[in-house]
Amino acid sequence: VKRRTDLRMGFFDAAMSFAVTERMTLERSVKDALRSGQFELFYQPQVRLSDYALIGAEALIRWRHPELGIITPDKFIPVAEETGLIVPLGTWVLHQACDQLRRWNDLGLTGLRLGVNISGRQFREADLADIVADCIAESGVSPGDLDLELTESMLMTDGEGTLKLLRSLAKLGVTLSIDDFGTGYSSLAYLKRFPVDTVKIDRAFVRDLDQDEDGRVLVNAIISLAHSLSLKTIAEGVETESQASLLARHGCDEIQGYMIGRPMPVADFAEFAKSYCPR
Ligand code: C2E
Ligand code: CA
Ligand code: CA
Ligand code: CA
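A quick note: this is a predicted structure, and the numbers were derived from the prediction, not measured. (Residues numbered from 1 in each chain as written. Chains lettered and ligands numbered in written order. Predicted model: local features only at pLDDT ≥ 70, side-chain atom pairs only at ≥ 80, totals over all residues. Heavy atoms only, no water.)

## Regarding the nonpolar core
Then, in step 1: One finds Phe 123, Leu 169, Leu 247 and Ile 255 to be the most contacted residues of the largest nonpolar core, which totals 80 residues.
Then, in step 2: Looking at this core element by element, the count peaks at nine residues for helix α3 (residues 86–106). (Core = buried A, V, L, I, M, F, W, Y, C linked by side-chain atoms within 4.5 Å. Buried < 20%, exposed > 50% of the residue type's maximum accessible area, 1.4 Å probe, protein only. Helix = DSSP H or I, 4+ residues; strand = E, 2+ residues; numbered from the N terminus.)

## A short note on the pairing of strand β2 (residues 54–65)
Then, in step 1: Taking burial as the measure, the twelve residues of β2 include eleven buried ones, the bulk of the element.
Then, in step 2: Joining the antiparallel neighbours strand β1 (residues 39–48) and β2 is a turn of five residues, in which Tyr 52 adopts a positive phi near 60 degrees.
Then, in step 3: Two strands pair when backbone bridges link them, and β2 and strand β4 (residues 113–117) are joined in this way by four bridges, in the parallel orientation. Bridging from a neighbouring strand, Gly 56 pairs with Arg 113 of β4.
Then, in step 4: Judged from the three bridges that link them, β2 and strand β3 (residues 69–71) form a sheet pairing that is antiparallel. Bridge pairing links His 65 to Gly 69 in β3. (Pairing = 2+ DSSP bridges.)

## A word on helix α10 (residues 213–228)
Then, in step 1: Over its 16 residues, α10 extends 22 Å from the first C-alpha to the last, a length consistent with the 22 Å expected when each residue adds 1.5 Å.
Then, in step 2: Considered for burial, the residues of α10 that qualify are Gly 215, Val 219, Ile 222, Ile 223 and Ala 226. Summarising the axial view, the buried residues of α10 lie within an arc of 95 degrees, below the 170-degree limit, and thus occupy one face. Away from the buried face of α10 by more than 90 degrees, exposed residues Asp 214 and Ser 228 are located.
Then, in step 3: The elements touched by buried residues of α10 are β6 (175–181), β7 (198–201), α9 (203–209), β8 (232–235) and α11 (241–249).
Then, in step 4: Ser 230 sits one or two positions beyond α10 and adopts a positive phi of about 60 degrees. (Expected span 1.5 Å × (residues − 1). Arc of directions from axis to C-beta. Contact = heavy atoms within 4.5 Å.)

## Topic: the state of the cysteines
Then, in step 1: On inspection of all chains with the given rule, the structure shows zero disulfides.
Then, in step 2: Sulfur of Cys 98: no disulfide; nearest cysteine sulfur belongs to Cys 135 and is 4.8 Å away.
Then, in step 3: Here Cys 98 falls in the buried class, since its relative accessible area comes to 0%. (Disulfide = S-S within 2.5 Å.)

Spelled out as structure tokens, the structure:
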């Protein structure tokens, strides 16, 4: 019995040190990847529910690894967040997104709104308003075409500092969305206090729409609440026609999800936008 325990301990130690080594290797690779241009933004279309017009896209980061292929953000964003690498990475994302918006405008693809994900550390530590102002100035895009996606937990941390930052971002003319709405804090007081424009209804609620009456009640409540505060609503993770029509019936403004299109490389998105037909 003793021997078996030892063996198991040995295995556990090895697994632990493997995890640590793996994390350090990952940290170094993320740094190298940023330096050598292996990150790329994919774009997922967003449409208006009333007429299915294409109104924008969300920029979603991908790591195009020379050996491993496309790596999704769940594999490297947490490490980037822990190590602080998310700050330079997030700045890169903002510049890249604005440059892309500029290129679309130059090609005649105008009036598209581009959503960019902002991480907690980027929000707390970077001079976010200055960085966003630089991106807008350098690219010459209209600030109203840029939407910053923030999460509830970011807004709940420190009241005064948060409000100040949100106000300076809003003053730049960009819009602000609450991502993953409904999954974080249950306090809704901040919705009224902060200059946010849009609520992104989390995929979990959309998934429950088809399931039962409770799911529909919740989505209806979120949409009503948002509208009563003059906020727009966009539902994420819409995969089926039945979800879309339930959302339309509840007055949801916009949708995003596999039903319309998956996140895609920039060339594919341009193709998509060109051939897209509202129904
Ligand atoms: P998120 O902001 O909630 O993004 C939505 C995620 O849902 C995306 O995953 C998207 O591919 C996926 N999705 C979209 N439509 C559907 C659908 O119909 N069904 C299903 N099952 N999934 C759908 P992705 O691209 O893997 O991104 C995961 C998360 O990584 C994002 O969640 C976001 O929190 C983070 N992320 C992505 N890009 C960035 C970035 O540039 N900066 C930061 N800080 N975080 C990012
Ligand atoms: Ca998002
Ligand atoms: Ca605003
Ligand atoms: Ca989300």
